[in-house]
Amino acid sequence: MAQRAASADDPYAPAGAAGIHRIAIPTPFAVGRVNVYLIEDEPLTLVDAGPNSGTAFDELQRGLTRLGRSLEDIRLVILTHQHIDHLGLVSLVATRSGAEVTAIDVAVPFVENYALEAQAEDDFARRIMLRHGIPEDVASALQAVSQVFRGWGARAEVTRPLHDGEELRFRDRSLTTHHRPGHSPSDTVFHDRERRILIAGDHLLGHISSNPLITRPLDGSEARPQALVAYLESLRKTREMDVEIVLPGHGDPISNHRALIDERLALHERRAEKIHRLIAERPRSAYQLAQALWGNVAVTQAYLTLSEVLGHIDLLLCAGRAREVTRDGLAVFEAA
Ligand SMILES: [Zn+2]
C-alpha cells in the first residue's frame, strides 16, 4: 500500500515509520485542526474521527485515500475523549465501515446518550457560571453558542468499553490504556511501551496548555469537580512514563514530555500564586478574578477563563490557603 513520503523535516516521520499516520481534520473551533491517526496494523485502526461536518468527512476520506486506504477498511475506532472535535464522526465512520468502537468505560454513557448529556452539561455549566458571578446575559449567550456547536458532535455506540490498564492487542503492537482525567473527565492515553509512543489526545499538547474545563461529572453527580487538581495528578503520572514521542490531539508531536510537563506544572503554580495575591487583597468571585487577570474577555471565552480561575482556586483550597464563602447566593473566595 502507498506510504507517505517521509521527509526529514516532517515532524510526523518517526510516527509514520512506526505505522501511525496523522490526518489533520478541520474544525470550526478556535483550536484549529484536530489530529486523527491511522494505525497500519491488524485491525486497521483510526484514533478519533473529527467533528461531524461534511468538510471534515471529506477531508478524512481524502486523508485515507492518500494513505492507500478507504473508510471501508477501518476495523476499529479508538476514542481518546468525549469532546466533539474528536467524537463527531465516530458514528458515521463506524456505520460505513462496520468498525468496532472502543472508549474508556466512564465515557460510554456520555458518548451513547450524547444529546441528553450535552444538554445536562449545559445546564450544569449554567449553574456554575451563575454561582461564580458570570452575568445572566453572558451565561445565556454562551448557552446559545453551545447549542449551535452541539451539531458538530453526535452519539456513537461503544461496542468495546475499555478499562483503565487494559491492553489493546494488534498483530504487530499492543497499546496499554490509561485513564488520565483533567482536560475532560474521559481523557485516555494509549501507550506502546515497546516503541515508547504515547497517543495522548488532548491530555498533553505542545503549543498550548490543555485547558482543564470544568465538566459535569460522568457519574451524574452535581458537585463541582476539581478539574485542574485531577489534571495535575494525571500529568504527574504521565511524567513518569517511558515515552519518546507523544502524539497529541492537536499540533505537532512532543519529544520531551517531561520538560513540557514540568513547564506546565510551573505555569499552574505561578497562576495559583497570582490568584492568591488577588484574594489576599480582598475577597472576590471567580468572575471578578477572571476580569482582574484578563479584563473583559470575549463571551465565548467566559467559561474557559472561569474554569481556569476555579482550577487554580481549587489548588489553593486543597492547600488550605483559600476559603469559599457564600454571599447573596454567590461564591466568593478569600485567603485563608
Ligand atoms: Zn478536547
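This text goes with the structure placed above it.
Everything in this summary refers to the structure shown in the same document. (Residues numbered from 1 in each chain as written. Predicted model: local features only at pLDDT ≥ 70, side-chain atom pairs only at ≥ 80, totals over all residues. Heavy atoms only, no water.)

Concerning the packing of aromatic side chains
- For the structure on display, the rule yields 5 aromatic pairs.
- Measuring from centroid to centroid gives 6.2 Å for Phe29 and Trp152, while their planes differ by 70°, and the two rings are edge-to-face. Pair noted here: Phe29 is in the loop between strand E1 (20-25) and strand E2 (34-39) and Trp152 is in the loop between helix H7 (136-149) and strand E6 (160-162), with a separation of 123 residues, a long-range link.
- Measuring from ring centre to ring centre gives 6.0 Å for Phe110 and Tyr114, while their planes differ by 75°; the resulting arrangement is edge-to-face.
- Note on Phe110: relative accessible area 7%, which makes it buried.
- Of the aromatic side chains, those joined through ring pairs into one cluster are Phe29, Phe149 and Trp152. (Phe/Tyr/Trp six-rings, centres within 6.5 Å; stacked < 30°, edge-to-face > 60°. Helix = DSSP H or I, 4+ residues; strand = E, 2+ residues; numbered from the N terminus. Buried < 20%, exposed > 50% of the residue type's maximum accessible area, 1.4 Å probe, protein only.)

Considering the packing of helix H6 (residues 114-131) against H7
- Interaxial distance between H6 and H7 falls to 10 Å at its minimum, and their mutual angle equals 160°. Looking at the two axes, H6 sits roughly antiparallel to H7. Remark: the crossing between H6 and H7 carries right-handed chirality. Where H6 approaches H7, its residues Gln119, Asp122, Asp123, Arg126, Met129 and Leu130 are matched on the opposing element by Glu136, Ala139, Ser140, Leu142, Gln143, Ser146 and Gln147.
- Of the residues belonging to the contact of H6 with H7, the class tally is 4 nonpolar, 5 polar and 4 charged. (Axes fitted to C-alpha atoms, helices over the stretch in contact; angles between N-to-C directions. Parallel < 35°, antiparallel > 145°, perpendicular 65-115°, else oblique. Left-handed = near helix turned anticlockwise from the far one by under 90°. Contact = heavy atoms within 4.5 Å. Nonpolar A, V, L, I, M, F, W, Y, C, P; charged D, E, K, R; others polar.)

Let's talk about the sheet that holds strand E3 (residues 45-47)
- Taken in spatial order, the 6 strands make up an open sheet running E1-E2-E3-E4-E5-E6, and their pairing is mixed. Here the strands that pair on one side only, and so sit at the sheet edges, are E1 and E6. Neighbour to neighbour, the strand axes of the sheet diverge by 25° on average, direction disregarded.
- Bridge count between strand E5 (residues 100-104) and E6: 3 bridges; the pairing is parallel. Residue Ile104 lies in a different strand from E6, and its bridge partner there is Leu162.
- Strands E1, E2 and E3 of the sheet are contacted by helix H2 (residues 54-66), whose axis makes an angle of about 150° with E1. (Pairing = 2+ DSSP bridges.)

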